[in-house]
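# Working through the structure, step by step
Chain by chain, the residues:
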Amino acid sequence: AMADPSSFASPACCLTRHLHLRCRADFGARTLRGTAALTARAEREALRCLVLDTRDVQVFKVTVNGQDAPFAFGEKHSFKGTPLEITFPNELRRGQEAIVEISFESSPQSSALQWLTPEQTSGKKHPFLFSQCQVEAIFPCQDTPAVKLTYYAEISVPKELVALMSANRDGEAPDPEDSAHKVYRFSQNVPIPCYLFALVVGALESRKIGPRTLVWAEKELVDKSAYEFSETEAMLKAAEDLAGPYVWGQYDLLVLPPSFPYGGMENPCLTFVTPTLLAGDQSLSNVIAHEISHSWTGNLVTNKTWEHFWLNEGHTVYLERRIGGCLFGEQFRHFQALGGWRELQNTINTLGDKNPVTNLVINLDEIDPDVAYSSVPYEKGFALLFYLEQLLGGPDIFIGFLKAYVLQFAYKSIITEDWKKFLYSYFKDKVDILDKVDWNSWFHAPGMPPVKPTYDMTLSNACVALSQRWIQAKESDLGSFSSADLKDMSSHQLIEFLALLLLEAPLPLSHVQRMQEVYDFNAINNSEIRFRWLRLCIRSKWEEAIPLALKMATDQGRMKFTRPLFRDLYSFDKSRDLAVKTFLEHRASMHPVTSMLVGKDLKQDQ
């Protein structure tokens, strides 16, 4: 069995198959305290111990089938956490199961949890808690995507708050031990890897937006969110047509406070999303299509280790864009695909084209997955699948493969080699074509892919033409630009126009000042447009943009926006000191992972 370099667990010896979690959220102490009972099955004879992954957690007691069991923590690792070794009172025979119950308490410093003060929420009255377990768990477990388990949970929270999990809701009741608390129950009957375990506690309300969908948010945002994501059911139906039946029951959406570090997180039954998607015109809903797609690729078919993360993300971006194609047409799908290629160019420009983290399949020996994270597994992975689609006979033929792939590997965890073998067996009449693919470069070479797929340019041409006009304009040409330049462009095209300018050398300051005069980009609140516009201004050394860029970097904490804004501000001599000072002031209220990575970017954590 291939070892997971990011985990201490040995699933080849012992496999955890079910979790029964009972815990209590204590906002005063900022801890989760309770018991995690794991059903463990011996995978070999005479099993004497079980090693679990832990991070920032205290363990008070362990029992195995009700008997006290000795346990000890191993040596703390720089990012993998600390192994917990549990010794069984009686050895297990192969195939025998035992219930391993661990009494634990999370640390207030746990990087998998963010505790928000009332001031950090929209309502300003109640505290808020959310988890982000990719890539670190809250409670002791076999924290590797190679292991999947079902779970049942009972969570006690202050009674004015609501608890939600990555599971189906199973009722609520007063807490018999504390009249100020109530207990929410959850069950997840589809086996999932530990990174998909999720918990949120806050003053949440819901609106029904489809037959299997509620959107949850604080009261201040719930109606806006219901409007923004009203296409969810249409996307779910499109995804089912493409990938097969949706097996998870409910598909709810949760809009988190602004410090949530990602665009979305595909927690089963309850997708988490950033409030930066609330553009007011549904234009950023591709993130919802992405998280929906994970219900098949990622959550049903899972990468066995984070080195094969592209299996989760490349296929999910492929499905996301197929959904976009169903809803908005094939030209739109190609437009989004080309935008992804440019995003990949941008990432590789930033990371360097010899950097091993730009390989599709990466080596994570002694590398923190959080530090290696980038758009590469998403966009290089997508580019490979899009290229194969074109090579093997088009979208209708390739979706047949994707559906069969999901069916073949559902409920399993796999590596790239499994995927490739299945591709060859599915297209056994096209082996000659497949053999022409430069697999070694696609998988194991850094930088841009060896081949660029073909893209329909219809929707891109206007973006390219306008960006070229600005790039080639002399001072004397600036009068020729006017607000009419944008009148036929969608918000997606504006994003692409700005993205194209960001791939070039910085524009002269006079150009971005004129751009503001004629297009008034400062007035646009769409987060994707504003982010690229402010980066453009800072790169052209426009000092007036410094406060606006700092505000965007700190008003929300989505790393896609916050990290590049801080990096650009740090590179500009006029804003470097202010960027560092602002980061240090906001650090305590940032998500722990964001704070760690921005700290590295700004050379504060050498």
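Residues numbered from 1 in each chain as written. Predicted model: local features only at pLDDT ≥ 70, side-chain atom pairs only at ≥ 80, totals over all residues. Heavy atoms only, no water.

The name given to the protein chain in an unreviewed UniProt entry is Leukotriene A(4) hydrolase, with Illadopsis cleaveri as the source organism. The UniProt entry for the protein chain carries the following comment under Sequence similarities (unreviewed entry): "Belongs to the peptidase M1 family." Reading the Subcellular location (unreviewed entry) entry of the UniProt record for the protein chain gives the comment "Cytoplasm". (UniProt positions renumbered as here; feature names shortened; annotations may be inferred.)

Interface size is commonly expressed as the accessible surface area that is lost when the partners come together. Per the domain assignment, the segments making up the protein chain are domain 1 (1-200), domain 2 (203-295), domain 3 (303-444) and domain 4 (457-602). One C-alpha centre belongs to domain 2, the other to domain 3, and the line joining them spans 24 Å. Contacts between the two partners involve 17 residues from domain 2, matched on the other side by 18 residues from domain 3. When domain 2 packs against domain 3, close to 1500 Å² is buried across both sides, 67% of that on carbon and sulfur atoms. Across the domain 2-domain 3 interface, the total number found is seven residue pairs in polar contact (both at pLDDT 80 or more). (Domains from an automatic or database assignment. Contact = heavy atoms within 4.5 Å. Buried area = accessible area lost by both parts, 1.4 Å probe. Polar contact = N/O pair within 3.5 Å; in protein donor to acceptor, adjacent residues only side chain to side chain.)

To continue, consider the sheet that holds strand S18 (residues 252-255). The mixed open sheet is built from five strands, whose spatial order is S16-S17-S18-S20-S19. Either end of the sheet is taken by a strand with one partner, and the two such strands are strand S16 (204-210) and strand S19 (264-265). Both S19 and strand S20 (residues 270-273) contribute to a ladder of two bridges, which runs antiparallel. Along S20, the bridge assignment pairs Met265 with Phe272. Along the sheet, helix H1 (residues 219-228) contacts S16, strand S17 (213-218) and S18; its crossing angle with S17, the most-contacted strand, is approximately 145°. (Pairing = 2+ DSSP bridges. Helix = DSSP H or I, 4+ residues; strand = E, 2+ residues; numbered from the N terminus. Axes fitted to C-alpha atoms, helices over the stretch in contact; angles between N-to-C directions.)

We now examine the packing of helix H2 (residues 232-243) against helix H4 (residues 309-328). One way to put it is that H2 packs onto H4 with a least axis distance of 9 Å and a crossing angle of 115°. Put simply, H2 runs roughly perpendicular to H4. In this structure, the crossing between H2 and H4 has a hand that is right-handed. Contact residues: H2 offers Ala234, Met235, Ala238, Ala239, Leu242 and Ala243, while H4 offers Leu319, Arg322, Ile323, Cys326 and Leu327. Split by residue class, the contact of H2 with H4 holds ten nonpolar, no polar and one charged. (Parallel < 35°, antiparallel > 145°, perpendicular 65-115°, else oblique. Left-handed = near helix turned anticlockwise from the far one by under 90°. Nonpolar A, V, L, I, M, F, W, Y, C, P; charged D, E, K, R; others polar.)

The alternating pattern of strand S15 (residues 199-202) places Leu199 and Val201 and Val200 and Gly202 on opposite faces, both of which are buried. Of the pairings in the sheet, the one linking strand S10 (residues 128-131) to S15 comprises two bridges and is antiparallel in character. Bridged to Phe130 within S15 is Val200. Sheet topology places strand S12 (residues 162-165) next to S15; four bridges connect them, and they run antiparallel. Each residue of the ladder has a partner; that of Met165, found in S15, is Leu199. (Buried < 20%, exposed > 50% of the residue type's maximum accessible area, 1.4 Å probe, protein only.)

This model, assessed by the stated rule, comprises 32 salt bridges. A salt bridge links Arg207 to Glu205, with the shortest nitrogen-to-oxygen separation between them at 3.7 Å. Judged by its relative accessible area of 29%, Arg207 falls in the partly exposed class. Measuring nitrogen to oxygen at the nearest pair gives 3.6 Å for the salt bridge that ties Lys487 to Asp488. Grouping residues by exposure puts Lys487 and Asp488 together as exposed. Linked through salt bridges whose partners overlap, the residues forming this network are Glu343, Glu528, Arg532, Arg558 and Lys560. (Salt bridge = Lys/Arg side-chain N within 4 Å of Asp/Glu carboxyl O.)

In this structure, strand S3 (residues 47-54) lies alongside strand S7 (residues 82-92), joined through seven bridges in antiparallel fashion. Across the sheet, residue Leu52 finds its bridge partner in S7, namely Leu84. As defined by bridge partners, strand S6 (residues 71-73) adjoins S7 across three bridges and the pair is classed as antiparallel. Bridging from a neighbouring strand, Ala72 pairs with Glu85 of S7.

This part covers the side chain of Glu233. Inspection of the secondary structure puts Glu233 in helix H2. Take Glu233: its relative accessible area is 10%, and that puts it in the buried class. Ignoring anything within four residues of it in the chain, the contact list for Glu233 reads Pro211 and Arg212.

Following both chains from N to C, one finds helix H8 (residues 395-409) and helix H9 (residues 416-426) inclined at 125°, their axes separated by 11 Å at the closest point. When the axes of H8 and H9 are compared, the pair comes out oblique. With respect to the hand of their crossing, H8 and H9 are arranged in right-handed fashion. Here Ile397, Phe398, Gly400, Phe401, Ala404, Tyr405, Gln408 and Phe409 of H8 come into contact with H9, specifically with Asp418, Trp419, Phe422, Leu423 and Tyr426. When grouped by side-chain class, the residues that make up the contact of H8 with H9 number ten nonpolar, two polar and one charged.

This part takes up the nonpolar core. Formed by 198 residues in total, the largest nonpolar core has its most connected members in Trp419 and Phe497. Looking at which element gives the most residues to this core, the answer is helix H7 (residues 376-392), with nine residues. In this structure Trp419 touches Trp310, Leu311, His315, Leu384, Leu385, Leu388, Phe401, Tyr405, Ile414, Trp439 and Phe443, once residues within four positions along its chain are discounted. (Core = buried A, V, L, I, M, F, W, Y, C linked by side-chain atoms within 4.5 Å.)

A separate point is H2. Compared with the 16 Å implied by 1.5 Å per residue over twelve residues, the 16 Å span of H2 between its first and last C-alpha is a close match. Within the span of H2, buried status applies to Thr232, Glu233, Met235, Leu236, Ala238, Ala239, Leu242 and Ala243. The secondary structure elements touched by the buried residues of H2 are S16, S17, S18, helix H3 (286-293), H4 and H8. Within two residues after H2, Gly244 carries a phi angle of roughly 110°, on the positive side. (Expected span 1.5 Å × (residues − 1).)

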